[in-house]
Amino acid sequence: MAKEELIEMQGTVTEVLPDGRYRVTLENDHTLIAYAGGKLKKNHIRIIAGDAITLEMSSYDFSKGRITFRHLPPRTGSAPARPAFQRRR
């Protein structure tokens, strides 16, 4: 068990950096460098600039974090209509 509990924050990815790192701006306008956690890498979840994310930070270093969840973008309107020439399966 960890000595200190992790701090969970919400933020937005502002820039994708090399080597699997991301520049993230938190809700309180603090900017830090984060990397994708193990489950995100294992399941090949892509993170792009503009995504809303949840990340964990250590209480010792507020300049680094680990992305633990990528939030889905809000849906707009109804589902697109299927073209008439496509067969239903």
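Residues numbered from 1 in each chain as written. Predicted model: local features only at pLDDT ≥ 70, side-chain atom pairs only at ≥ 80, totals over all residues. Heavy atoms only, no water.

Student: Please explain the overall build of the protein chain as it appears in this structure.
Tutor: In terms of helices and strands, the protein chain carries one helix and five strands. Taken from N to C terminus, the helices and strands of the protein chain fall in the order β-β-β-α-β-β. Split into buried and exposed, the 89 residues of the protein chain put 22% on the buried side. Taking the intrachain contacts of the protein chain between residues at least 6 apart in sequence as the baseline, contacts between residues at least 24 apart amount to 49%. (Helix = DSSP H or I, 4+ residues; strand = E, 2+ residues; numbered from the N terminus. Buried < 20%, exposed > 50% of the residue type's maximum accessible area, 1.4 Å probe, protein only. Contact = heavy atoms within 4.5 Å.)

Student: Where do I start with the pattern of salt bridges in this structure?
Tutor: In a structure, side chains of opposite charge can pair up when their charged atoms sit close to one another. Tallying each qualifying case throughout the model produces four salt bridges. Glu 15 serves as the salt-bridge partner of Arg 23, at 3.2 Å between the closest nitrogen and oxygen. (Salt bridge = Lys/Arg side-chain N within 4 Å of Asp/Glu carboxyl O.)

Student: Can you walk me through unusual backbone geometry in this structure?
Tutor: Across the chain, the bulk of peptide bonds are trans and the bulk of non-glycine residues have phi less than zero. In this model, Asp 19 sits at a positive phi of 65 degrees, which is unusual for a non-glycine residue. Within the secondary structure, Asp 19 is located in the loop between strand E1 (7-17) and strand E2 (21-26). Despite not being glycine, Asp 29 has its phi angle at roughly 65 degrees, a positive value. By the element assignment, Asp 29 lies in the loop between E2 and strand E3 (31-36).

Student: Mind showing me how you'd approach the nonpolar core here?
Tutor: Burial of nonpolar side chains together is a common tendency in soluble globular proteins. Counting 13 residues, the largest nonpolar core has Tyr 22, Val 24, Ile 47, Leu 55 and Ile 67 as the members making the most contacts within it. Among the elements of the structure, E2, E3 and strand E4 (52-57) are those that each provide at least two residues to this core. Excluding its chain neighbours within four sequence positions, the residues that come into contact with Val 24 are Gly 11, Thr 12, Val 13, Thr 14, His 30, Thr 31, Leu 32, Ala 34, Ile 53 and Leu 55. (Core = buried A, V, L, I, M, F, W, Y, C linked by side-chain atoms within 4.5 Å.)

Student: Can you walk me through the pairing of E1 in this structure?
Tutor: Regular strands place side chains that alternate from one sheet face to the opposite one. As defined by bridge partners, E1 adjoins E4 across six bridges and the pair is classed as antiparallel. For Thr 12, the partnering residue across the bridge sits in E4 and is Ala 52. Of the strand pairs in this sheet, E1 and E2 are connected by six bridges, and their pairing is antiparallel. Considered in E2, the bridge of Glu 15 is made with Arg 23. The hairpin formed by E1 and E2 contains three residues between the paired strands, and Asp 19 there has a positive phi angle of roughly 65 degrees. (Pairing = 2+ DSSP bridges.)

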